[in-house]
Each structure stands twice: as structure tokens, then as C-alpha cells.
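These are the residues of each chain, in order.
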Amino acid sequence: MVSPHIIPTTYEYSQLPLRQYKERDNEVGSGVKEIRISDDSGAFRIMYVAKFMDKIYVLHSFQKKSQKTSTKDIKIAKTRYSAIINQEKL
């Protein structure tokens, strides 16, 4: 379910400044976070949820094409989030 976009792998999660995180609770779902990565090749985003025991789900990763996150990208993350919530209820 992960997007085929190539995300730079030279970033250490624990070393990202706080300004490179964003809460996505209101747009996607409870507990959803976004990591923001920018480098010479562009701006990238990774939406994930880590509120389940021993699991981190990557909902969507993509390269930003405009200032605002597209409705399409938010919808993809929401759809995947809903599927995970339903799966976790089982």
C-alpha cells in the first residue's frame, strides 16, 4: 500500500526538527502524523499512524507538487486509515 515514490533515506527520524512534523488528526484520522522532508530533489511527505501496539502503519508517501496537500493525497491516506481501523477492530 506504500506509494512507489522514492523517499530520501538519509534522514534519521529522531533527528528531524519539530517543524518537520505535522498533526493530521483533523484531515485524516486520530493519531495520524506527517513527516516533512525537503531536499534538492523536492518536498516529500510521509503520513503514518503509530497508535497501535507494536505497529506503525505508513498510510501514504508522496512528493509535494504545490503548497497545499492535494485532496487526492488526503483521500488516499483517509481510505487506508479507515481500512486499518476496521482491521484492528477484528
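Residues numbered from 1 in each chain as written. Predicted model: local features only at pLDDT ≥ 70, side-chain atom pairs only at ≥ 80, totals over all residues. Heavy atoms only, no water.

1. Quick word on the pairing of strand 3 (residues 42–52)
Along any regular strand, the residues point their side chains to alternate faces of the sheet. Burial runs high along strand 3: eight of the 11 residues are buried. Pairing of strand 2 (residues 32–39) with strand 3 involves eight bridges; the strand directions are antiparallel. The partner of V32 across the bridge, within strand 3, is V49. Taking the residues between adjacent antiparallel strands as the criterion, strand 2 and strand 3 are bridged by two residues. Relative to strand 4 (residues 55–63), strand 3 runs antiparallel, the two sharing seven bridges. (Buried < 20%, exposed > 50% of the residue type's maximum accessible area, 1.4 Å probe, protein only. Helix = DSSP H or I, 4+ residues; strand = E, 2+ residues; numbered from the N terminus. Pairing = 2+ DSSP bridges.)

By themselves, these observations are geometric and do not establish any function.
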